[in-house]
Amino acid sequence: MAEKLAALGQMAATIAHEVRNPAGIIRNYLTLIRPVLHEHRTESAYLDVISEELGRIELFVQSLLGAFHPNQSMPTAITLRTQIDAVVGFLRPRLEQHQVTVVSQLDVSTAAVLAEPEALRQVLLNLILNAIDAMPNGGILSFTASDDLDRVHLSIADTGPGILPEV
């Protein structure tokens, strides 16, 4: 069993290397192209989407590596607001493109949570992208949190149609 896990870890490292190199090259070319297209809104928006998707690939590669090197990602005391603001900021162009308004009702005093920052950002990224997909004509995405004793409750809601009862 240990040999299989070691082999999977090596394969994950190889995949990460093979994905990171072209992703880095693509990101460098985006940096070179962006100034040329700054006056072309549509094409510039395409570059934003490419950059966002590269970010998703990079997060995936990081989580793939984390699965085989769990000591690299240790739970840390972090604030939800900081993590949410970071992911919303990263997705700002896509949120604006799809006319999604973000409403954050997070209290500054909400207690810190013990979490793995990268894992939490990946979860938030997936939830926000799902919300954007659920509201193709725009809408509101809201975040609320409350804490009691040793728990923090985070609620994320959107104004999309929801999941049909039969599903």
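The sections below set out a description of the structure shown in this document.

**As for helix H3 (residues 80–97)**
Look at H3: 25 Å from first C-alpha to last across 18 residues, which is about the 26 Å you get at 1.5 Å a residue. Gln 99 lies just past H3 and shows a positive phi near 55°.

**Describing the nonpolar core**
Most often, soluble globular proteins keep nonpolar side chains buried together rather than apart. Ranked by internal contacts, the top residues of the largest apolar core, which has 23 residues, are Ile 84, Leu 91, Leu 95, Ile 128, Leu 141 and Phe 143. With seven residues, helix H4 (residues 117–134) is the largest single contributor of residues to this core. What Leu 91 contacts, discounting residues up to four positions off in sequence, is Glu 52, Leu 125, Ile 128 and Leu 129.

**A closer look at a nonpolar patch on the surface**
Residues Ile 25, Tyr 29, Leu 32 and Ile 33 make up a contiguous nonpolar surface patch of roughly 420 Å² in combined accessible area. Positionally, Leu 32 belongs in helix H1 (residues 2–33).

**Let's talk about the layout of surface pockets**
Here the largest pocket defines a volume of roughly 230 Å³. Around the largest pocket, the lining residues are Arg 41, Ser 44, Ala 45, Asp 48, Val 49, Glu 52, Pro 93, Arg 94, Glu 96 and Gln 97. If you list the elements that add at least two residues to the lining of the largest pocket, you get helix H2 (41–68) and H3. When residues in the lining of the largest pocket are grouped by element, the largest group, six residues, is from H2. For the lining of the largest pocket, the residue count by class is three nonpolar, two polar and five charged.

**Thoughts on the side chain of Arg 94**
Position of Arg 94 among the secondary structure elements: in helix H3. When residues no more than four places from it in sequence are discounted, the contact partners of Arg 94 are Val 49, Glu 52, Glu 53, Leu 129 and Ile 132.

**Some points on the pattern of salt bridges**
Counted according to the given criterion, the structure contains six salt bridges. In this structure, Arg 27 and Glu 58 form a salt bridge, with 3.1 Å as the shortest nitrogen-oxygen distance. Here the residue Arg 27 occupies a position in helix H1, and Glu 58 occupies one in helix H2, the gap between them amounting to 31 residues. Look at Arg 27 and you get partly exposed, because its relative accessible area is 25%. Residue classification places Glu 58 among the partly exposed positions, given a relative accessible area of 34%. A salt bridge links Arg 94 to Glu 52; the shortest N-O distance between them is 3.2 Å. Pair noted here: Arg 94 is in helix H3 and Glu 52 is in helix H2, with a separation of 42 residues, a long-range link. Judged by relative accessible area, Glu 52 falls into the buried class, the value being 4%. Here the salt bridges do not stand alone but share partners, grouping Glu 52, Glu 53, Arg 56 and Arg 94 into one network.

Criteria and cut-off values
Residues numbered from 1 in each chain as written. Predicted model: local features only at pLDDT ≥ 70, side-chain atom pairs only at ≥ 80, totals over all residues. Heavy atoms only, no water. Helix = DSSP H or I, 4+ residues; strand = E, 2+ residues; numbered from the N terminus. Expected span 1.5 Å × (residues − 1). Core = buried A, V, L, I, M, F, W, Y, C linked by side-chain atoms within 4.5 Å. Buried < 20%, exposed > 50% of the residue type's maximum accessible area, 1.4 Å probe, protein only. Contact = heavy atoms within 4.5 Å. Patch = residues over 30% accessible without salt bridge, like charges linked within 9 Å, V, L, I, M, F, W, Y side chains within 5 Å. Areas by Shrake-Rupley, 256 points an atom, 1.4 Å probe, with all protein chains shown as cover. Salt bridge = Lys/Arg side-chain N within 4 Å of Asp/Glu carboxyl O. 1 Å grid on protein atoms, 1.4 Å probe; cavity = no way out; pocket = protein on both sides within 12 Å on 5 of 7 lines; lining within 4 Å. Points joined across faces, edges and corners; volume = space filled by probe spheres on them. Nonpolar A, V, L, I, M, F, W, Y, C, P; charged D, E, K, R; others polar.

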